[in-house]
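Commentary on secondary and tertiary structure
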Amino acid sequence: MRVPEVRLVGPNGEQVGIVAMRKALDLAREADLDLVEVAPQAKPPVAKLMDYGKFKYESAQKAREARKNQANTALKEIRFRLKIDEHDYETKKGHVTRFLDGGDKVKVMIMFRGREQSRPEMGVRLLNRLAEDVSELGSVESAPRVDGRNMVMVIAPAKSKSDAKAESRKATAGSKGSQAEVKSRRDREAQAKAEARPEDSSAAES
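The notes below deal with the structure included here. (Residues numbered from 1 in each chain as written. Predicted model: local features only at pLDDT ≥ 70, side-chain atom pairs only at ≥ 80, totals over all residues. Heavy atoms only, no water.)

Helix and strand counts for the protein chain stand at five helices and eight strands. When its helices and strands are written in sequence order, the protein chain yields β-β-α-β-β-α-β-α-β-α-β-β-α. The 206 residues of the protein chain split such that 25% are buried. The contacts of the protein chain with a sequence gap of at least 6 include a subset with a gap of at least 24, amounting to 55%. Per element, the accessible surface of the protein chain, about 14,400 Å² overall, is 48% carbon and sulfur. (Helix = DSSP H or I, 4+ residues; strand = E, 2+ residues; numbered from the N terminus. Buried < 20%, exposed > 50% of the residue type's maximum accessible area, 1.4 Å probe, protein only. Contact = heavy atoms within 4.5 Å. Areas by Shrake-Rupley, 256 points an atom, 1.4 Å probe, with all protein chains shown as cover.)

See the structure below:
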């Protein structure tokens, strides 16, 4: 920084004030910190006392966490008929449940046929029933609305995509651990049987 003075900010965000550049550098050396320009366009420029290495590390960590939390959330679509039977309803509800549990939004669409268009309240009733049935996994983001010959509602997941993936990895790891434990127990049982056989043979010979 080739300026005669800076507006100095302390390591904890406290305002030191406008000081000469030489004094700012002396304060940085005394505190064993770096003098970092944070607002070069300001007059005078703003500089802060900080541990620049630590600052870069924390910034990288925050950026990595932000990218992780921005895992792409897909918009899945499920279509219902207004006069859907109970079995088909349960099947489609299962799909909605799976999508929400995976961290995806679900666009639920009811397709009206002929005179069914005159009974939009039936569509609202069906969509509200579905929203209630899956309320533990998601909530209504976009309330039921008529879109041409269809009625549409969007349900958002209760957990993020990244959280859903983390839970899935954890469950997979737990399953592998259980399988390994079962295998280990079987190996121990097989070894015990193998060790018992010579003793059984000796007893029979005597």
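That was the structure; now back to the text.
Quick look at the environment of R81 now. Mapped onto the elements of the fold, R81 is located in strand β5 (residues 75–81). The exposure class assigned to R81 is partly exposed, which follows from its relative accessible area of 34%. Considered as a pair, R81 and G123 are 42 residues apart in the sequence and their alpha carbons are 9.0 Å apart. Excluding residues that lie within four positions of it along the chain, R81 makes contacts with M111, R113 and L126.

Moving on, we come to a negative patch on the surface. Among the surface-exposed residues, D32, D34, D51 and E58 lie close enough to one another that they form a single negatively charged patch. Tracing the chain through its elements places E58 in helix α2 (residues 52–69). For E58, a relative accessible area of 36% puts it in the partly exposed group. (Patch = residues over 30% accessible without salt bridge, like charges linked within 9 Å, V, L, I, M, F, W, Y side chains within 5 Å. Salt bridge = Lys/Arg side-chain N within 4 Å of Asp/Glu carboxyl O. Lys, Arg positive; Asp, Glu negative; His and termini not counted. Charge placed at Lys NZ, Arg CZ, Asp CG, Glu CD.)

A few words on the packing of aromatic side chains. Pairs of aromatic rings are described using the distance from one ring centre to the other and the angle between the two planes. In total, this model carries two aromatic pairs according to the counting rule given. Relative to F55, the ring of Y52 lies with its centre 6.1 Å away and its plane at 25 degrees, an arrangement referred to as stacked. With Y52 and F55 both in helix α2 and three residues apart, this pair spans about one turn of that helix. (Phe/Tyr/Trp six-rings, centres within 6.5 Å; stacked < 30°, edge-to-face > 60°.)

Taken together, the four strands give an open sheet; going across it, the order is β2-β1-β4-β3, and neighbouring strands pair in mixed fashion. Two strands close off the open sheet at either side, each with one partner strand: β2 (15–20) and β3 (34–39). Taken pair by pair, the neighbouring strands of this sheet meet at an average axis angle of 35 degrees, ignoring direction. Where β3 meets strand β4 (residues 46–50), five bridges bridge the pair, whose relative direction is antiparallel. Within the sheet, the bridge partner assigned to A39 lies in β4 and is V46. Docked against the sheet, helix α1 (residues 21–30) engages β1 (5–9), β2, β3 and β4, running at close to 125 degrees with respect to β2. (Pairing = 2+ DSSP bridges. Axes fitted to C-alpha atoms, helices over the stretch in contact; angles between N-to-C directions.)

Right, let's get into the sheet that holds β5. Sheet architecture is open: four strands sit in the order β5-β6-β8-β7, paired in mixed fashion. What marks the edges here is a single partner per strand, and that holds for β5 and β7 (138–147). Ignoring which end each strand starts from, the neighbouring axes of this sheet average 20 degrees apart. Along the sheet face, helix α3 (residues 86–101) touches β5, β6 (105–111), β7 and β8 (150–157) and points at about 170 degrees away from the line of β5.

Opposite charge on two side chains makes pairing possible when the charged atoms of those side chains draw close. The final tally for this structure, using the stated rule, is eight salt bridges. We note a salt bridge from E77 to R79, for which the minimum N-O separation is 2.9 Å. Here E77 falls in the partly exposed class, since its relative accessible area comes to 38%. With relative accessibility at 43%, the residue R79 sits in the partly exposed group. The residue K159 makes a salt bridge to D101 at a minimum N-O spacing of 3.0 Å. Of the two residues, K159 sits in the loop between β8 and α5 (161–205) while D101 sits in helix α3, which places them 58 residues apart along the sequence. D101 sits in the partly exposed class, given a relative accessible area of 40%. Counted as one network, the salt bridges with shared partners bring together E86, R129 and D133.

Honestly, it's all geometry; don't read function into it.
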